[in-house]
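Summary of the model geometry
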Amino acid sequence: MIQAHARWLVLALMLSACGGDEVANNAACPEGTELNPIVKECVRLSSNNANNLPVVEMGAIDGPDMRSDNEDLGVDLGPPDLGCQTDEDGDGALSMECGGDDCDDTDGRRAPHLAERCDEVDNNCDGALNEGLSCSILAHSSTRLYRVDFFAGTFVDLGPTIGDLYDIDTHPDGTTYGIAGNKLYSYSETTGGWTPKAGSLGFLDTPNGFCIDNEGKAFATAGYTLLSVDLTTGTSTSIGSLSPTSSSGDCVVNKGNQLFMTSNHTEPDSFASINGDTAMARVVGATQHDQIWGLTAAYSRVFGLTFTGDVVEINVMTGATTLIRSYPEISFYGAASTPLR
């Protein structure tokens, strides 16, 4: 009897100790919750939750079972879906609709962290276009030379050209040259003067296109012929025939040092790629514009300028043209590339 009494006394003390801990733990739980002895956490238990599983609230939408919070056996999913992509254009900035600061989440060229560059959009979302940059090229009509910014839609008249100026281009060192008749000229923007070279281009067909590549090698197009031009002497040498294409008025070298020209063997003009060593020409594709008499490689793009005053961007992979700007007051004859293309 004494041993049995001792055993019951020990059991009573153990139960009393456990009950004491549970009371203490329950007392520490917030109102409306109680201790779950399985997970040792304060949880809100529902009458329908037969397994006494904890219900955790994290937002406004219920979990996978989509029952009310009191019946939910899953975890809430968070705030409502706003129905928008946070960075649709992949430029690293979140859209304004989703709480970010991207002023145009459909254009990867526009975000507050981007630097301005020479193009037709506000790259850094500050409401200004190309601030702090000089985004212009040289172009000319039959009588006047212009500095043209076709992103801003402006131009400055730099004065008269020499007679019969067919085309111009700019050397990587910044010197501008032009061909007029059968002569090569250098131009000074400081004085506005044109200085002829001593020699003559000396070709039966008057060259109507002129371009300089990234190494400073100069070319001219004259009908169906590609010429190499010596910028020191002003003389030229035939490289070969461009047939079946023919120059419509200009050639151009892009940043990748690839030589192109517009050709009038079709109407509207076509766009052709040329091998500068052999004169072998390949038609890239048809443009949507005619009388593209000026070409410029500027700001890593290629643009064409037409006799009717249009400025178009040319896709060098397809030849397709997209209208950028129109200058009805200017009939473009030629254009120069920027030194850095």
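Because the structure is predicted, anything quoted here is derived from the model rather than measured. (Residues numbered from 1 in each chain as written. Predicted model: local features only at pLDDT ≥ 70, side-chain atom pairs only at ≥ 80, totals over all residues. Heavy atoms only, no water.)

Overview of the sheet that holds strand S13 (residues 236–241)
Spatially, four strands are ordered S10-S11-S12-S13 in an open sheet, and the strand pairing comes out antiparallel. One side of each edge strand has no neighbouring strand; the edge strands of this open sheet are strand S10 (209–212) and S13. In this sheet, adjacent strand axes meet at a mean angle of 25 degrees when their direction is disregarded. As defined by bridge partners, strand S11 (residues 218–222) adjoins strand S12 (residues 225–229) across five bridges and the pair is classed as antiparallel. Opposite alanine 218, over in S12, you have valine 229 as the bridge partner. (Pairing = 2+ DSSP bridges. Helix = DSSP H or I, 4+ residues; strand = E, 2+ residues; numbered from the N terminus. Axes fitted to C-alpha atoms, helices over the stretch in contact; angles between N-to-C directions.)

Details of the packing of aromatic side chains
Pairs of aromatic rings are described using the distance from one ring centre to the other and the angle between the two planes. Summed over the entire model, instances satisfying the criterion amount to 12 aromatic pairs. Aromatic pair phenylalanine 151 and phenylalanine 303: ring centres 6.1 Å apart, planes at 75 degrees, arrangement edge-to-face. Taken as a pair, phenylalanine 151 in the loop between strand S4 (144–149) and strand S5 (154–160) and phenylalanine 303 in strand S19 (residues 301–306) lie far apart in primary sequence, 152 residues in all. With respect to class, phenylalanine 151 is no different from phenylalanine 303; both count as buried. Taking 5.4 Å as the distance between ring centres and 80 degrees as the angle between the ring planes, the aromatic pair formed by tryptophan 293 and tyrosine 333 counts as edge-to-face. Remark: tyrosine 333 occurs in the loop between strand S21 (321–326) and strand S22 (334–335) and tryptophan 293 occurs in strand S18 (residues 292–298); sequence separation between them is 40 residues. (Phe/Tyr/Trp six-rings, centres within 6.5 Å; stacked < 30°, edge-to-face > 60°. Buried < 20%, exposed > 50% of the residue type's maximum accessible area, 1.4 Å probe, protein only.)

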